[in-house]
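Close look at the chain arrangement
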Amino acid sequence: MLPPSETKREGGDPSSTLDLGALSFPELAAERAAVITAARSVSSEESTARTALKLGPKSIAERYRNLVLDTAPTMPAIDRYTGVLYDPLDSRSASSVTRSWWYRHVVVQSAMFGPIGGGDLIPAYRLSHDSRLGSLRLASHWPVRASRALSSRSSGLVLDLRSEGYRALGPVDDAVVLRVVSVDGSGRRKALNHWNKTAKGRLVALLARTGADVRSMDDLVDWARLNGVVVDRVDGTWELVAESLQPVTA
């Protein structure tokens, strides 16, 4: 499970527009429609959009994305999101086999659409987990509904790489949260902040490109060892050592 990214690639297939019923977890179609309506409302005026969506002078035009969600071109979620987590995936140069792995195994927790599959076709939009949508509060709108949908489909290992804010929008009881750490020359471990996203992106890239069949944490540890990645448990917390992950190429 991945968080979305605030930055998104523009464009897409103009012949393909948003179909809520075609997204993964189609039982959430009504909840998605409600968020879209609320997002469209706050985005209709610059003054309300600036506050609700936390837009500055350089990003205020992003409010228009929310006004054309029904007609805007779409692309797979794994291609739509950009930034320090998604850039290491280099999805657009990935092989069809690698992309198929992402489509089968990756779920993104979107503030706009709730949980979606990596291959789900979505337009560009502007919304974050802490956006303010008038009477609709994302913190109360999504958790129970998204959690129920996720729990009904999850089996085996659920590796939760979401940030805390997005994890709260769709809790999964049995998910394993992976903490990204850096190890210095003396062996001391320190949790990473910004660069932890890069490590997570490299991990998901390598899992896909090796066609990993990981059904438990034992499987993940074995896979990691074979691929030179350090995943271990320290004081009850699963940790991923960032330095053990190098950029992955197709």
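An account of the accompanying structure is given in this report. (Residues numbered from 1 in each chain as written. Predicted model: local features only at pLDDT ≥ 70, side-chain atom pairs only at ≥ 80, totals over all residues. Heavy atoms only, no water.)

Section: a nonpolar patch on the surface
Just so we agree on the cut-off: Patches were defined on residues exceeding 30% relative accessible area and lacking a salt bridge, with like-charge contacts within 9 Å and nonpolar side-chain contacts (Val, Leu, Ile, Met, Phe, Trp, Tyr) within 5 Å. Residue burial considers only the protein chains on display, and all accessible areas are found by Shrake-Rupley using a 1.4 Å probe. Every case where a carboxyl oxygen of Asp or Glu lies within 4 Å of a side-chain nitrogen of Lys or Arg is listed as a salt bridge. Each helix corresponds to a stretch of at least 4 residues labelled H or I by DSSP, and each strand to a stretch of at least 2 residues labelled E; elements are numbered beginning at the N terminus.
Among the surface-exposed residues, Tyr 64, Leu 67 and Val 68 lie close enough to one another that they form a single nonpolar patch of about 250 Å² accessible area. Mapping Tyr 64 onto the fold places it in the loop between α2 (46-52) and β1 (75-76).

With respect to the packing of helix α4 (residues 96-105) against helix α8 (residues 196-209)
Heads up, the condition is: Angles run from 0 to 180 degrees between N-to-C directions of axes, and those axes are lines fitted to C-alpha atoms, restricted for helices to the stretch in contact. With the far helix as reference, a near helix turned anticlockwise by less than a right angle produces a left-handed crossing, and one turned clockwise produces a right-handed crossing. By definition in these notes, contact holds between two residues if any of their heavy atoms fall within 4.5 Å. Three categories are distinguished: nonpolar for Ala, Val, Leu, Ile, Met, Phe, Trp, Tyr, Cys and Pro, charged for Asp, Glu, Lys and Arg, and polar for the others, with Gly belonging to the last.
Contact geometry for α4 and α8: axes closest at 8 Å, N-to-C directions at 115 degrees. Between α4 and α8 lies a crossing of right-handed hand. Contact with α4, carried on its side by Thr 98, Trp 101 and Trp 102, involves Val 204, Ala 205, Leu 207, Ala 208 and Arg 209 of α8 and no other residues of that element. Class assignment for the residues of the contact of α4 with α8 results in 6 nonpolar, 1 polar and 1 charged.

Quick word on the pattern of salt bridges
Our working definition: Each residue is placed in one exposure class: buried if its accessible area under a 1.4 Å probe, protein chains only, is under 20% of its type's maximum, exposed if it is over 50%, and partly exposed if it falls in between.
Per the stated rule, a full pass over the model turns up 17 salt bridges. Salt-bridge contacts for Arg 167 lead to Asp 160; the nearest nitrogen and oxygen are separated by 3.8 Å. Classification of Asp 160 as buried rests on a relative accessible area of 2%. Asp 213 is the partner of Arg 215 in a salt bridge, and the nearest nitrogen-oxygen pair spans 3.0 Å. A single burial state applies to Arg 215 and to Asp 213, both of which are exposed. Linked through salt bridges whose partners overlap, the residues forming this network are Glu 6, Glu 10, Glu 62, Arg 65 and Arg 126.

With respect to the nonpolar core
The tendency in soluble globular proteins is for nonpolar side chains to be buried side by side. Operational definition: For the purposes of this section, nonpolar cores are sets of buried Ala, Val, Leu, Ile, Met, Phe, Trp, Tyr and Cys residues that join through side-chain atoms within 4.5 Å.
Phe 113 and Val 231 are the most contacted members of the largest nonpolar core, which has 73 residues in total. Looking at which element gives the most residues to this core, the answer is α8, with 7 residues. Not counting chain neighbours up to four residues away, the residues in contact with Phe 113 comprise Leu 18, Leu 20, Leu 23, Arg 32, Ile 36, Ile 122, Pro 123, Tyr 125 and Trp 142.

Description of the packing of aromatic side chains
Heads up, the rule is: Centre distance within 6.5 Å is the pairing criterion for rings of Phe, Tyr and Trp, where only the six-membered ring of Trp is used; planes under 30 degrees apart are then read as stacked, over 60 as edge-to-face, and the remainder as tilted.
A full pass over the atoms with the stated rule returns 3 aromatic pairs. Where Tyr 81 meets Tyr 86, the ring centres are 5.3 Å apart and the plane angle is 35 degrees; that geometry is what we call tilted. In this structure, Tyr 81 and Tyr 86 share a single accessibility class: buried. A centroid spacing of 5.3 Å and a plane angle of 80 degrees characterise the contact between Phe 113 and Tyr 125, whose relative ring orientation is edge-to-face. One end of the pair, Phe 113, is in the loop between β2 (107-110) and β3 (114-117); the other, Tyr 125, is in the loop between β4 (121-122) and α5 (138-141), with 12 residues separating them in the sequence. Both residues of the pair, Phe 113 and Tyr 125, belong to the buried class. Three or more aromatic residues joined by ring pairs make a cluster, and in this case those are Tyr 81, Tyr 86, Phe 113 and Tyr 125.

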